[in-house]
Amino acid sequence: GQNIDQPTEMTATEGAIVQINCTYQTSGFNGLFWYQQHAGEAPTFLSYNVLDGLEEKGRFSSFLSRSKGYSYLLLKELQMKDSASYLCAVRYDYKLSFGAGTTVTVRA
Amino acid sequence: GAGVSQSPRYKVAKRGQDVALRCDPISGHVSLFWYQQALGQGPEFLTYFQNEAQLDKSGLPSDRFFAERPEGSVSTLKIQRTQQEDSAVYLCASSYQAGGFTDTQYFGPGTRLTVL
């Protein structure tokens, strides 16, 4: 499989901002997705980037640099319900290759 | 409309038993994917259908794994002679069309398989 790297765990305080980084191999790249997954539930789609730059969607933003093989997901105004695993997924052709996920814990 | 549904949600099998996992994709979605997710890991690709055609089965771990989608909608993943290493969550995802510029895969809740 492809090497998709993201941190294992992050902790932040309610109301704060957290940035989750993701690096990947650039060969065959065809789009980058971020999914949120609560324990025991389906991954739910958060954002999609295929061109360089920042995509903003409410409290969530995602950035992509194709030349660097780098993306980040920015979570602003953190809420307790944001405690979840965040999966970075790169599409190569039609298949998604996922990172292992970053578990974000939001503390009061 | 309804999302992707999967059944059963939980399945416990004795080693050596055969199991069948069902996926109902979003209506009208052409593409269907199966993924395997081990505890603490991201999903790993198993197989891909475009309508009823299985175009890629490169991720299936062994010939004990078999998937079908005979009428281009519902899909079944079958695992024969289950082994303990098959224990995982099996996720199904569907998309309107594979490889489209903004095509997004939508996931079902998964089937958690435990092999004793």
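Before any of the text, the structure's been laid out above.
Residues numbered from 1 in each chain as written. Chains lettered and ligands numbered in written order. Predicted model: local features only at pLDDT ≥ 70, side-chain atom pairs only at ≥ 80, totals over all residues. Heavy atoms only, no water.

Colleague: In this structure, what is going on with the overall build of chain B? I would like to understand it.
Modeller: In terms of regular secondary structure, chain B is built from zero helices and 11 strands. Traced from its N-terminal end to its C-terminal end, chain B shows the element sequence β-β-β-β-β-β-β-β-β-β-β. For chain B, the spread of C-alpha atoms along the three principal axes comes to 40 × 25 × 25 Å. Split into buried and exposed, the 116 residues of chain B put 47% on the buried side. Taking all contacts inside chain B whose residues are at least 6 apart in sequence as the whole, residues at least 24 apart take part in 53%. Working note: accessible area of chain B is about 5800 Å², and carbon and sulfur atoms make up 47% of it. Both charge centroids of chain B, one from 11 positive and one from 11 negative side chains, sit 9 Å from each other. (Helix = DSSP H or I, 4+ residues; strand = E, 2+ residues; numbered from the N terminus. Buried < 20%, exposed > 50% of the residue type's maximum accessible area, 1.4 Å probe, protein only. Contact = heavy atoms within 4.5 Å. Areas by Shrake-Rupley, 256 points an atom, 1.4 Å probe, with all protein chains shown as cover. Lys, Arg positive; Asp, Glu negative; His and termini not counted. Charge placed at Lys NZ, Arg CZ, Asp CG, Glu CD.)

Colleague: Where do I start with the sheet that holds strand S8 (residues 75-79) of chain B in this structure?
Modeller: One key point about sheets: their strands pair by backbone hydrogen bonds, in either a parallel or an antiparallel sense. Residues and elements named next belong to chain B. Taking strand neighbours across the sheet as the criterion, the four strands line up as S1-S3-S8-S7 in an open arrangement whose pairing is antiparallel. Since the sheet does not close on itself, it has two edges, and those belong to strand S1 (5-7) and strand S7 (65-68), each with one partner. Taking the axes of each pair of neighbouring strands and ignoring which way they run, one obtains an average angle of 15° across the sheet. Sheet topology note: the S1/strand S3 (residues 19-24) ladder contains three bridges and is antiparallel. (Pairing = 2+ DSSP bridges. Axes fitted to C-alpha atoms, helices over the stretch in contact; angles between N-to-C directions.)

Colleague: What is the right way to read the nonpolar core from this model?
Modeller: Most often, soluble globular proteins have nonpolar side chains that are buried together. Ranked by size, the top nonpolar core spans 22 residues in total, and within it A:Tyr24, A:Leu32, A:Trp34, A:Leu75 and A:Tyr86 carry the most contacts. Where this core is concerned, the elements lending two or more residues are strand S2 (18-23), strand S3 (29-37), strand S6 (60-65), strand S7 (70-75), strand S8 (84-92) and strand S10 (102-107) of chain A. Residue contributions to this core peak at five residues, all from S8(A). Among all residues touching A:Leu32, those that are not within four sequence positions of it are A:Tyr24, A:Ser47, A:Tyr48, A:Asn49, A:Leu64, A:Ser71, A:Cys88, A:Ala89 and A:Val90. Listed in part, the 20 residues of the second largest apolar core include B:Val19, B:Ile79, B:Ala88 and B:Val115. (Core = buried A, V, L, I, M, F, W, Y, C linked by side-chain atoms within 4.5 Å.)

Colleague: Would you mind going over the interface of chain B and chain A with me for this structure?
Modeller: Accessible area lost upon the coming together of the parts is a frequently used measure of interface size. Taken together, the contacts link 25 residues of chain B with 18 residues of chain A. Both sides together, the interface formed by chain B and chain A hides about 1700 Å², and carbon and sulfur atoms give 56% of it. If you look at where chain B meets chain A, you find one salt bridge. With a shortest N-O distance of 3.2 Å, A:Lys95 and B:Asp56 are connected by a salt bridge. For the side of chain B that touches chain A, the secondary structure elements donating two or more residues are strand S4 (31-37), strand S5 (44-50) and strand S10 (106-107) of chain B. Considering each element in turn, the side of chain B that touches chain A owes the most residues, three residues, to S4(B). Looking at the side of chain B that touches chain A residue by residue, the class counts come to 11 nonpolar, 11 polar and three charged. (Buried area = accessible area lost by both parts, 1.4 Å probe. Salt bridge = Lys/Arg side-chain N within 4 Å of Asp/Glu carboxyl O. Nonpolar A, V, L, I, M, F, W, Y, C, P; charged D, E, K, R; others polar.)

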